[in-house]
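Here is how the chains run, residue by residue.
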Amino acid sequence: MKGIALIFWNAGMRLTYDGGLANAGNVALSLLLAIFPFMILIAVFLDIWGEPQLLEQILVIVFENWPAGSAGPIAEQVKIVLGQASGELFTIGNAIALILATNGIESARDGLNRAYRFVETRNFVLRRLQGCAFICVAAMALILAATLLVATPVLWQFLVSKMNWLAEFSYIVSFMKFAAAVLLLFCAIYAFHFFLPDGRQKFREIIWGILITIAGIIFGSQIFAYYLTNFANYASLYAGLAGVMVVIVYLYYMSVVILYGSEFNAALRDNKAAKQPS
């Protein structure tokens, strides 16, 4: 138990010494700036897909597990922006949106390279292309998840109509929505750790940091929501910008947790290496 506590402590120290707390602010701002271009691309894909009504479901997937005070302002503005989005895929505006959306990927890449002590050697174009691939795959994954979540209640109602005893297990649908969100989060964070740093790592070398990150985001979101409800008063400090500041603080917290997960993996790796006979 003492050894595990020491690894957690060392991970925190590494996060501080590597400038992770400062870099998390850059990651948070980049993520905030990337949300709108990312959602615009999703709207374009949905128009091509032929299912624009799935947009509401995707907004639910993206923002449902955010604390209410942070999700509301952004979700409303995203809806406004998406109402003005063009349905054409190959436009200069969409290309710029895609490039802007990769800024969050690049900020996360920098933090992960620092944590794992990797030196970035890939050229700028290759990194941006990889970021574009990340954004497109993430957009399609969200569309697929939304399709499944829309179809699930319909299928469940059909099954209940045929087998009434299933009505007692309606909570399964809610659980499936939560499980889908967690699965998407796991896949996204795993992809970050595996593909973004300039070095390959095995699944067992990064899994613990990923699990810590997911737990930190889930439980931390609940704590942050409680803090917003009972203690925080951003309106008295930032007036009309309170909603935006809440979003930035929440994204900053998530960025710290993501970078801490990578530092935990690195601290665990160093701890194992120290135990190896020389």
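It should be noted that the structure appears before, not after, this text.
This one's a predicted model, so the numbers in the text were calculated from it and none came from an experiment.

Any details on the side chain of Arg127? Residues and values, ideally.
Its place among the elements puts Arg127 in helix α6 (residues 124–162). Apart from the residues lying within four places of it in its own chain, the contact partners of Arg127 are Glu106, Arg109, Glu120 and Arg122.

Please give an account of the pattern of salt bridges that cites residues and values.
Tallied over the entire structure, the rule returns 9 salt bridges. Between Asp18 and Arg117 there is a salt bridge, with its nearest N and O atoms 2.7 Å apart. With a gap of 99 residues between them, Asp18 in the loop between α1 (2–17) and α2 (20–49) and Arg117 in the loop between α5 (92–116) and α6 connect regions that are remote in the sequence. Overall, Asp18 belongs to the buried group, its relative accessible area being 16%. Relative accessible area serves as the criterion here: at 47%, Arg117 is assigned to the partly exposed category. Put simply, Asp198 and Arg122 hold a salt bridge, and the shortest N to O gap is 3.8 Å. On the criterion of sequence distance, the pair formed by Asp198 in the loop between α7 (171–195) and α8 (203–230) and Arg122 in the loop between α5 and α6 is long-range, its members being 76 residues apart. Here the residues in one salt-bridge network are Arg14, Glu263, Arg269 and Asp270, joined through shared partners.

Give a detailed account of α8, specifying residues and quantitative values.
In this model, α8 (28 residues) spans 40 Å end to end at C-alpha, consistent with the 40 Å of a helix rising 1.5 Å per residue. The largest bend along α8 measures about 25° and falls at Gly220.

Run through the side chain of Arg122, naming residues and quoting values.
Residue classification places Arg122 among the buried positions, given a relative accessible area of 16%. At 3.3 Å, the side chain of Arg122 and the backbone oxygen of Phe195 are in polar contact. At a separation of 2.5 Å, a polar atom in the side chain of Arg122 contacts the main-chain carbonyl oxygen of Leu196. When sequence neighbours within four positions are dropped, the list of residues in contact with Arg122 reads Arg109, Arg127, Gln130, Phe195, Leu196, Pro197 and Asp198.

Pulling in residues and values, what's your account of the nonpolar core?
A general trend in soluble globular proteins is that nonpolar side chains are found buried together. Met39, Ile135, Phe192, Leu196 and Leu251 are the most contacted members of the largest nonpolar core, which totals 37 residues. Contributing elements (two or more residues each) for this core: α2, α3 (55–63), α5, α6, α7, α8 and α10 (242–275). Apart from the residues lying within four places of it in its own chain, the contact partners of Phe192 are Ile105, Ala108, Leu112, Phe134 and Pro197.

Can you lay out a nonpolar patch on the surface for me, pointing to particular residues and giving the numbers?
There is a patch of nonpolar side chains on the surface, built from Met163, Trp165, Phe169 and Tyr171 and spanning about 440 Å² of accessible area. Tracing the backbone through its elements, the reader meets Met163 in the loop between α6 and α7. Taking the relative accessible area as the measure of exposure, Met163 reaches 32% and is therefore partly exposed.

Give me α1: which residues, what numbers.
Between its first and last C-alpha atoms α1 spans 22 Å; for 16 residues at 1.5 Å apiece the expected length is 22 Å, and the two agree. The set of residues buried in α1 consists of Ile7, Ala11, Arg14 and Leu15. Looking down the long axis of α1, one finds its buried residues gathered within 100° of arc, a one-sided arrangement. Along α1, exposed side chains directed more than 90 degrees from the buried face belong to Lys2, Trp9 and Tyr17.

An account of the environment of Met39 is requested, with residue identities and associated values reported.
Position of Met39 among the secondary structure elements: in helix α2. Looking at Met39, the relative accessible area reads 1%, which means it is buried. Taking the C-alpha atoms as reference, Met39 lies 8.7 Å from Leu59; in sequence the two are 20 residues apart.

Please set out the packing of aromatic side chains residue by residue, giving values where relevant.
On inspection of all chains with the given rule, the structure shows 9 aromatic pairs. Measuring from centroid to centroid gives 6.0 Å for Phe134 and Phe192, while their planes differ by 65°, and the two rings are edge-to-face. Highlighted residues: Phe134 in helix α6 and Phe192 in helix α7, separated in sequence by 58 residues. On the basis of relative accessibility, which here comes to 16%, the residue Phe134 falls in the buried class. Taken together, Phe134, Phe186, Tyr190, Phe192, Phe194, Phe195 and Phe203 form an aromatic cluster joined through their ring pairs. Above the ring of Phe194, the side-chain terminus of Arg200 is found at 5.2 Å from the ring centroid.

The rules behind these values
- Residues numbered from 1 in each chain as written.
- Predicted model: local features only at pLDDT ≥ 70, side-chain atom pairs only at ≥ 80, totals over all residues.
- Heavy atoms only, no water.
- Helix = DSSP H or I, 4+ residues; strand = E, 2+ residues; numbered from the N terminus.
- Contact = heavy atoms within 4.5 Å.
- Salt bridge = Lys/Arg side-chain N within 4 Å of Asp/Glu carboxyl O.
- Buried < 20%, exposed > 50% of the residue type's maximum accessible area, 1.4 Å probe, protein only.
- Expected span 1.5 Å × (residues − 1).
- Bend = angle between axes of the 7 residues up to and from the residue.
- Polar contact = N/O pair within 3.5 Å; in protein donor to acceptor, adjacent residues only side chain to side chain.
- Core = buried A, V, L, I, M, F, W, Y, C linked by side-chain atoms within 4.5 Å.
- Patch = residues over 30% accessible without salt bridge, like charges linked within 9 Å, V, L, I, M, F, W, Y side chains within 5 Å.
- Areas by Shrake-Rupley, 256 points an atom, 1.4 Å probe, with all protein chains shown as cover.
- Arc of directions from axis to C-beta.
- Phe/Tyr/Trp six-rings, centres within 6.5 Å; stacked < 30°, edge-to-face > 60°.
- Lys NZ or Arg CZ within 6 Å of the ring centre and 35° of its normal.

Interpretation note: all reported values are geometric properties and have no functional meaning in isolation.
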